[in-house]
Amino acid sequence: MDVIAAIKKRKSIRAFKPDPVPKGLLKKIVEQALRAPSWANTQPWEFAIAGGKKLKEIQDGFIKRGVQEPKSEVSRPYEFPEPYMARIRALQPKDRKEITKEEWDARTILNFGHYGAPACIYLLVGKSFYQQSKGINVWSMYDSGSVVQNIMLLATSYGLGTIAQAQAVIYPDIIRKVLGIPGNKVIALGISIGYPDWKNPVNKSRTAREPFDKVVKFYGFR
Ligand SMILES: Cc1cc2nc3c(=O)[nH]c(=O)nc-3n(C[C@H](O)[C@H](O)[C@H](O)COP(=O)(O)O)c2cc1C
């Protein structure tokens, strides 16, 4: 699959088949993704890939804790001014404008189970590189976004599906304990990965994008 096809096909998968992904394939995807660019080639990323009993242990820990205030280690948005809120609202089905707290909580729990994915790739970033004396080094997350997108496109090209999940890392202490991740690494993001269940209606919808002309302007072109 070429890059154009992979970009067009990639979407967030929210129902996976239980079939395990071979370790060799996960290795190939992440190894190829590591060609991503980064600030002065600092390559701020590391990855911890969990599957099998380890992933189950993390899921059980999250589900047992339930829906609580996130303890995310990456600063997250709490305010959504327009036009951003409108784009979030557009994710809801047309007939459902209001989402109740119970529905949100049920969705969060689905996140905790990685939507049934057999593996999760955790993005780790060195804490001293991310949290600097003069403030947050946002470029370390910008760079990490490149490698994460590489992973998602490569996975798509190998017939897999992915979803980036901030919700998968809201209780980093649980992941840290189960996988033995040292305190000097920020657990920034989870990328669930597996074989998409294309029959599940949740995987059939496609998110919209703003029209090109609304978000892009050319200067100095005729
Ligand atoms: C950094 C990041 C974090 C995300 N966290 C979550 C999450 O916790 N749970 C979830 O269901 N989707 C999550 N998403 C998926 C977005 O909702 C999704 O990418 C967006 O709606 C666009 O849809 P698409 O990926 O299908 O194109 C996340 C995406 C990104 C890039």
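This is a predicted model, so every value here is computed, not measured.

Asker: Describe the overall build of the chain, with residues and values.
Answerer: A count of helices and strands for the chain gives nine helices and six strands. The C-alpha atoms of the chain give a radius of gyration of 18 Å, which matches the 17 Å a tight globule of 222 residues would have. Across its three principal axes, the chain shows a C-alpha extent of roughly 55 × 45 × 40 Å. Here the analysis covers contacts within the chain between residues at least 6 apart in sequence; of these, 84% occur between residues at least 24 apart. Counting every atom, the chain has about 14000 Å² of accessible surface; 58% of that belongs to carbon and sulfur. Distance from the positive charge centre (36 side chains) to the negative charge centre (20 side chains) of the chain: 5 Å.

Asker: Quick rundown of the layout of surface pockets? Include the residues and the values.
Answerer: Computed from the structure, the second largest pocket encloses a volume of approximately 220 Å³. Every residue lining the second largest pocket is listed: P20, V21, K23, L26, K27, I49, A50, G51, G52, P118 and A119. Taken together, the residues of the lining of the second largest pocket sort by class into seven nonpolar, two polar and two charged.

Asker: Kindly report on the packing of helix α2 (residues 23-33) against helix α7 (residues 138-157), identifying the contributing residues and their values.
Answerer: Where α2 contacts α7, the two axes come as close as 8 Å, and the packing angle between them is 135 degrees. In terms of their interaxial angle, α2 and α7 are classed as oblique. Handedness of the crossing formed by α2 with α7: right-handed. Judged by residue contacts, I29, V30, Q32 and A33 of α2 engage V147, N150, I151, L154 and A155 from α7. Looking at the contact of α2 with α7 residue by residue, the classes come out as seven nonpolar, two polar and no charged.

Asker: Help me get a handle on the packing of helix α3 (residues 52-65) against helix α8 (residues 172-179), residues and values and all.
Answerer: For any two helices packed against each other, the geometry comes down to the angle between their axes and how far apart the axes lie. Interhelical geometry of α3 versus α8 gives an angle of 150 degrees and a closest axis separation of 9 Å. With respect to their mutual orientation, α3 and α8 come out roughly antiparallel. Between α3 and α8 lies a crossing whose hand is right-handed. Each of K54, E57, I58, G61, F62 and R65 in α3 lies in contact with α8, whose residues at this interface are D173, I174, I175, V178 and L179. Residues of the contact of α3 with α8, tallied by class, amount to six nonpolar, one polar and four charged.

Definitions and limits used
Residues numbered from 1 in each chain as written. Predicted model: local features only at pLDDT ≥ 70, side-chain atom pairs only at ≥ 80, totals over all residues. Heavy atoms only, no water. Helix = DSSP H or I, 4+ residues; strand = E, 2+ residues; numbered from the N terminus. Rg over C-alpha atoms; globule rule 2.2 N^0.38 Å. Contact = heavy atoms within 4.5 Å. Areas by Shrake-Rupley, 256 points an atom, 1.4 Å probe, with all protein chains shown as cover. Lys, Arg positive; Asp, Glu negative; His and termini not counted. Charge placed at Lys NZ, Arg CZ, Asp CG, Glu CD. 1 Å grid on protein atoms, 1.4 Å probe; cavity = no way out; pocket = protein on both sides within 12 Å on 5 of 7 lines; lining within 4 Å. Points joined across faces, edges and corners; volume = space filled by probe spheres on them. Nonpolar A, V, L, I, M, F, W, Y, C, P; charged D, E, K, R; others polar. Axes fitted to C-alpha atoms, helices over the stretch in contact; angles between N-to-C directions. Parallel < 35°, antiparallel > 145°, perpendicular 65-115°, else oblique. Left-handed = near helix turned anticlockwise from the far one by under 90°.

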